[in-house]
Each structure stands twice: as C-alpha cells, then as structure tokens.
Amino acid sequence: MTDQDFYRLQNQWAKIYFRDISLGDLDRVRWINRLTGMRGVRILDLGAGGGQFSVAACQLNHKVTAVEIESDFVEHMRFLARHRNPENLTVINADFNTVELEGDFNLICYWDGFGVGSDSDQRTLLKKISSWLTPDGSVFLEIFTPWFWASQAAGVKIPIGEAIREYGFDGAKCSMTDTWWLKDNPSFKTTQILRCYSPSDLTLLLEGSGLTILENFPGGFVDYSSGTYIPEVPLHQAMSYITRLVHTKLLNRITKGKQK
C-alpha cells in the first residue's frame, strides 16, 4: 500500500508538483482534442496533482473539475489558474475514491497514478468513472506496464536534489515500487506502490464496469544506463501506455456502424 504521506514528502523533497504549465501539458490537451474532436467540454481530472493538465485544459477553453487530496497541491493549482481562465476551473480538495460528484463529464482523465491499491479498488473506481461519463464520452488512463518496471527499472537509484529515488518491482503483486529518502537520513523512507497492467490484464479488470478499451497509445522508454529517453516505442518496450476507454454500448454502436 502506498504510504499516506508519499506525495506530500515527494513534493517537499523535489518540488515535483510545484512547477509551471509546460508545452507538454498544452500538447496533451491538444492531443485529446484531436482524438476526440471535442472542444470546450466538461473534463474531470482525477488526482490532479499540481494542476498543470487541469489548468492547461482551462486555458484551452474546457470546463475542468479537478479532484486532488493534497491541500498544498490545490493551492498551487489555484495559483496557476489565476491568469488562465480561472472561471473554467472547479477544484475539489478530496479523495476521488470517496468523493460524490454531480453531473456528467465528456472526458475523464487520470494521469500517472492508476494502480494505487488493490484490483478491487481499481474496479470500484472504474465503476464510478463509468457512472460519471457521458454516453459518448472518453476516459484516458495512464497505465504502467509490468515488463518495463520488472526488467528495466527495478534496482535503479536516481539522485534528485537532496533525495534518492529507488525503483523496485514486486513480482508476486505485479507492482512497481517507488521509494524515496533523504541522503542525510536514509533510515526514513516513503514508498509508492502501483499495480501494473498489460492491456489483457486491464480488459479483465474492466469486466462489469460498463467500460471497454477503444485504443491504446504506447509511451516512452528510459535507458537508465545511458540516461536517455525515447518518447515513443512499441508497446512491448514502453514504460507506460495511455488507454482510451468508452462505454461498452458506444463501442458496440461504433462496431455495428463500421460493419454496415
């Protein structure tokens, strides 16, 4: 189980979430616009972190509801939004696993965090996501692959400022581990644990949720021996992939339409 204070300490030691909006954040919103053809719609951003994606989406005229459990991250999000269409942003400081939301969303996104908790936790979340999604909407989830974290990242240590980051992999639970500590206090460590899913594993996880995979987009690959990053690689090499989910009923209509 991920430590309760992991994200707060990670940010305290490396300021990971306290950054400005980047071109990459805006490009991700534009990428979703191109894929879905949607403009100026309602977006739900789960685990919004420092709010970079949420505020970028507001800047590009979407109406965003951002759910984030860490109050300091929420304040940073509001700081980023102050000159970027702040009227388009609704921030909810809460745990998205327990939050009650009103209304339907055209797009639901969860970046860099899916896999916290058990398979049962993911199934519960996916059913909630399905209930929040409009009939023609799309869900974008960033999923970590088991093969990269087991074969490429496990055992790698990375110095980040005054901290050390070490990756591991729990084969029995098919989960990556991300452990941090300060260089001058190695006895105190905090760990994030994320369940990794292949697309086939994810398909099984989706059973009963009312959602299904429409398409998958492989991410990049890090060569830790040389310190180089390749932004696009085949799925079997990728450290993660973005899956696009839709309601099963919508996919059935799309499939039938193509067959006519």
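Note: the structure precedes this text.
Residues numbered from 1 in each chain as written. Predicted model: local features only at pLDDT ≥ 70, side-chain atom pairs only at ≥ 80, totals over all residues. Heavy atoms only, no water.

Caption draft 1: Expanded view of unusual backbone geometry. Of note in this structure, Lys15 is not a glycine but carries a positive phi near 55°. Judged by relative accessible area, Lys15 falls into the partly exposed class, the value being 46%. For Cys174, which is not glycine, the phi dihedral falls at a positive 50°. Looking at where Cys174 falls in the secondary structure, it is placed in the loop between strand S7 (163-170) and strand S8 (175-182). (Buried < 20%, exposed > 50% of the residue type's maximum accessible area, 1.4 Å probe, protein only. Helix = DSSP H or I, 4+ residues; strand = E, 2+ residues; numbered from the N terminus.)

Caption draft 2: Representation of the pairing of strand S4 (residues 105-110). Across the six residues that make up S4, a large majority, six, are buried. In the sheet, strand S1 (residues 42-46) pairs with S4 via four bridges, with the strands oriented parallel. Pairing of Ile43 across the sheet is with Leu107, part of S4. The pairing of S4 with strand S5 (residues 133-144) spans five bridges and is classified as parallel. In the sheet register, Phe105 faces S5, and the bridge partner there is Leu133. Handedness of the β-α-β unit built from S4, helix H5 (residues 119-132) and S5 comes out right-handed. (Pairing = 2+ DSSP bridges. Right-handed = clockwise from strand over helix to strand, strands pointing away.)

Caption draft 3: The environment of Asn185, seen in detail. Tracing the backbone shows Asn185 in strand S9 (residues 185-195). Put simply, Asn185 and Glu162 are 23 residues apart on the chain and 10.0 Å apart in space, counted from C-alpha to C-alpha.

Caption draft 4: Broad picture of the sheet that holds strand S3 (residues 89-93). The strand order S3-S2-S1-S4-S5-S13-S10 describes an open sheet built from seven strands, whose pairing is mixed. The open sheet terminates on both sides in strands that have one partner only, identified here as S3 and strand S10 (211-218). Put simply, the sheet's adjacent strands are angled 20° from each other on average, direction ignored. Where helix H2 (residues 23-36) meets the sheet, it contacts S4, S5, S10 and strand S13 (240-247), and its direction lies at approximately 135° from that of S5. (Axes fitted to C-alpha atoms, helices over the stretch in contact; angles between N-to-C directions. Contact = heavy atoms within 4.5 Å.)

Caption draft 5: Broad picture of the sheet that holds S8. Ordered by their spatial adjacency, four strands build an open sheet running S6-S7-S8-S9, and the pairing between neighbours is antiparallel. Where the open sheet ends on each side, the last strands, each with one partner, are strand S6 (157-160) and S9. Across the sheet, the axes of successive neighbouring strands diverge by a mean angle of 25°, strand direction being ignored. Bridge count between S8 and S9: eight bridges; the pairing is antiparallel. In the strand pairing of S9, Leu182 is matched with Asn185. Contacts from helix H6 (residues 146-153) reach S7 and S8 within the one sheet, and its direction differs from that of S7 by about 120°.

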